[in-house]
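Report on the structure
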Amino acid sequence: MAPTSKNLSVVTSGRNDLFLEDREIPIPGPNEVRIDMHRVGICGSDVHFKQHGRIGDYVVKAPMVLGHESSGIISALGSEVNHLKVGDRVAIEPGVPCFQCKFCKRGRYNLCPDCSFLAAPPIDGSLRRYHCHAADFCYKLPDNVSLDEGALMEPLSVAIHACRRAKVTAGDRVLILGSGPIGLVCLLTAKAMGAAEVALTDIMDDRLAVAKKLGASACIKIDTSLSPEVMAERVISTLGWQPNITIECSGAETSFQMGINATEPGGVLQMVGHGKPVMSFPQFVANTREIDIRGIQRYANTYPTALAMLTNKVIDVTPLITHRFPLAKSKDAFSTVETGADNAIKVMIHCDE
């Protein structure tokens, strides 16, 4: 992509609006690189910020560039950068922590209270032609890893962190609630980590069909007319086994409740999906069965693992991409995600087009 005088960017004010805006081409700081953006995937959080203007404590108060699942080619270096060069293809880890707080020093930098995360207010995202980013959080892609895969290292990192938090290992029986992009990549990751069985649920047949193609042991359609308790019984009966690990990816309150009821005593309920800020749950069941309920805040120390998995072809994330749009057609891309048109799973925007 030849440099132009314009930095076309996809912006929202959080009032269910989306507009394209020309911004200045950024100049990298001493420890940054400028990246000619090539691929940016649309995440559910991008859509949520556009539609509702907030996720929990993250509130859009001024126009913000969206996008954080991204990859591109370095076009300029900061004065202190010496481990990368112009022309390198890189995946971008979107969260840059402070490096000084106790969480950073413990290696859990995803919990850093001063972390600057792309497209989390007030930080602008990467859905634009040019973006500057901390060089230490840019990962050079080998020749056998595509820019598509580089962008998908972000949702893959969510799955790796979730499976690590849940301690998925060889022989585990895993139930994943929700077969959207994160649920599907959790499926691939759990299988790669040795899970003996990985079953998925959803309310949509087309997503369950994708899960089956990606290797799910079983796929169960949720009957929303049933109570979470009854649905949990149906899931266990259909599977013929009870999961020792349940990964909740939908964010739906009833799914969370069903997951606790479905998980075997002594098991783990790993939360991933975001839903209502406050939810009710079957406390007696979770308590007396000693079910560990674990949270997740993005990820930490996952990009090297994600890159190794892709480099060694341990998993293939590219089947998740169902639609592609040029940057100028970003409104159409978001509409496709919001409506689920043509069974959309992961929509990828080509920022170099």
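Only a predicted model underlies this, so the values are computations on that prediction, with no experimental measurement involved. Note on numbering: residues in each chain are counted from 1, in written sequence order. In keeping with the predicted nature of the model, local features appear solely for residues at pLDDT of at least 70, side-chain atom pairs appear and are counted solely at 80 or more, and the whole-chain, interface and lining totals rest on all residues. Water and hydrogen atoms play no part in the side-chain values, which are based on all heavy atoms of the structure.

Our focus in this paragraph is a nonpolar patch on the surface. There is a patch of nonpolar side chains on the surface, built from M271, F281 and I293 and spanning about 220 Å² of accessible area. Where helices and strands are cited, they refer to DSSP runs of H or I of at least four residues and of E of at least two residues respectively, numbered from the N terminus. Within the secondary structure layout, F281 lies in the loop between β17 (268–271) and α8 (283–288). Nonpolar side chains (Val, Leu, Ile, Met, Phe, Trp, Tyr) are joined into patches within 5 Å and like charges within 9 Å, using only residues with over 30% relative accessible area and no salt bridge. For every accessible area listed, the method is Shrake-Rupley and the probe measures 1.4 Å; residues are considered covered only by the protein chains on display. By salt bridge we mean one thing: a side-chain nitrogen of Lys or Arg within 4 Å of a carboxyl oxygen of Asp or Glu.

A separate point is the packing of helix α4 (residues 181–192) against helix α5 (residues 205–213). When two helices pack together, their arrangement is given by the angle between the helix axes and the distance between those axes. Fitting a line to C-alpha atoms yields each axis, with helices limited to the stretch in contact; the angle taken between N-to-C directions then spans 0 to 180 degrees. Relative orientation of the contacting elements α4 and α5 amounts to 20°, with a least axis distance of 10 Å. As the angle between them shows, α4 and α5 are arranged roughly parallel. Classified by chirality, the crossing of α5 by α4 is right-handed. Taking contact as the criterion, the partners of P181, L184 and L187 in α4 are, on α5, R207, V210 and A211. The residue classification treats Ala, Val, Leu, Ile, Met, Phe, Trp, Tyr, Cys and Pro as nonpolar and Asp, Glu, Lys and Arg as charged. All others, Gly included, are polar. Its residues assigned to classes, the contact of α4 with α5 comprises 5 nonpolar, no polar and 1 charged. Orientation is classified from the angle alone, with under 35 degrees giving roughly parallel, over 145 giving roughly antiparallel, 65 to 115 giving roughly perpendicular, and any other angle giving oblique. With the far helix as reference, a near helix turned anticlockwise by less than a right angle produces a left-handed crossing, and one turned clockwise produces a right-handed crossing. Any two residues whose heavy atoms approach within 4.5 Å are treated as being in contact.

On the secondary structure map, E248 appears in strand β16 (residues 245–248). Buried charge E248 goes without a salt bridge, the closest partner of opposite sign being R207 at 11 Å. In protein, a polar contact means a hydrogen-donor-capable atom and an acceptor-capable atom, both N or O and within 3.5 Å, with residues adjacent in sequence counting only if both atoms are side-chain atoms; elsewhere, any N or O pair within 3.5 Å suffices. There is a polar contact of 2.8 Å between the side chain of E248 and the backbone nitrogen of G251. With near-sequence residues (within four places) excluded, E248 lies in contact with L177, S255, F256, Q270, M271, V272 and G273. The buried label goes to any residue with under 20% of its type's maximum accessible area, the exposed label to any with over 50%, and the partly exposed label to all in between, with areas taken from a 1.4 Å probe on protein chains only. In this charge count, Lys and Arg are treated as positive and Asp and Glu as negative; neither His nor the chain ends contribute.

Along the chain, the position of G180 falls in the loop between β13 (173–177) and α4. Exposure remark for G180: the relative accessible area of 11% places this residue in the buried category. Taking the C-alpha atoms as reference points, G180 and S250, separated by 70 residues in sequence, lie 7.7 Å from one another. Beyond its immediate chain neighbours, meaning those up to four positions away, G180 contacts D202 and R207.

This part is about the pairing of β17. Pairing between two strands requires that DSSP report at least two bridges joining them. As defined by bridge partners, β16 adjoins β17 across 4 bridges and the pair is classed as parallel. Residue T246 lies in a different strand from β17, and its bridge partner there is L269. The handedness of a crossover follows from its direction of travel: if, with the strands pointing away from the viewer, the path from the first strand over the helix to the second runs clockwise, the crossover is right-handed. With respect to chirality, the unit in which β16 leads through helix α7 (residues 253–262) into the neighbouring parallel β17 is right-handed. When β17 meets strand β18 (residues 292–294), the two strands line up parallel, connected through 3 bridges. Bridge pairing in β18 links V268 to D292.

Bringing the pattern of salt bridges into the picture now. For the coordinates displayed, the defined rule picks out 15 salt bridges. Measuring nitrogen to oxygen at the nearest pair gives 2.9 Å for the salt bridge that ties K346 to E69. Residue K346 is located in strand β20 (residues 346–350), and its partner E69 is located in strand β7 (residues 69–77); the two are separated by 277 residues in the primary sequence. Here K346 matches E69 in class, with each residue buried. Notably, a salt bridge pairs D223 with R234, separated by 3.9 Å at the nearest N-O pair. Separated by 11 residues along the polypeptide, D223 in the loop between β15 (218–221) and α6 (228–239) and R234 in helix α6 bring together distant segments of the chain. Overlapping salt bridges, with partners in common, bring together R39, D148, R324 and D352 in one network.

We now examine the sheet that holds β18. With respect to topology, 6 strands assemble into an open sheet ordered β15-β14-β13-β16-β17-β18, the strand pairing being parallel. Two strands in the sheet have a free side with no partner beyond their single neighbour: β15 and β18. The mean inter-strand angle of the sheet, taken between neighbouring strand axes irrespective of direction, is 15°.

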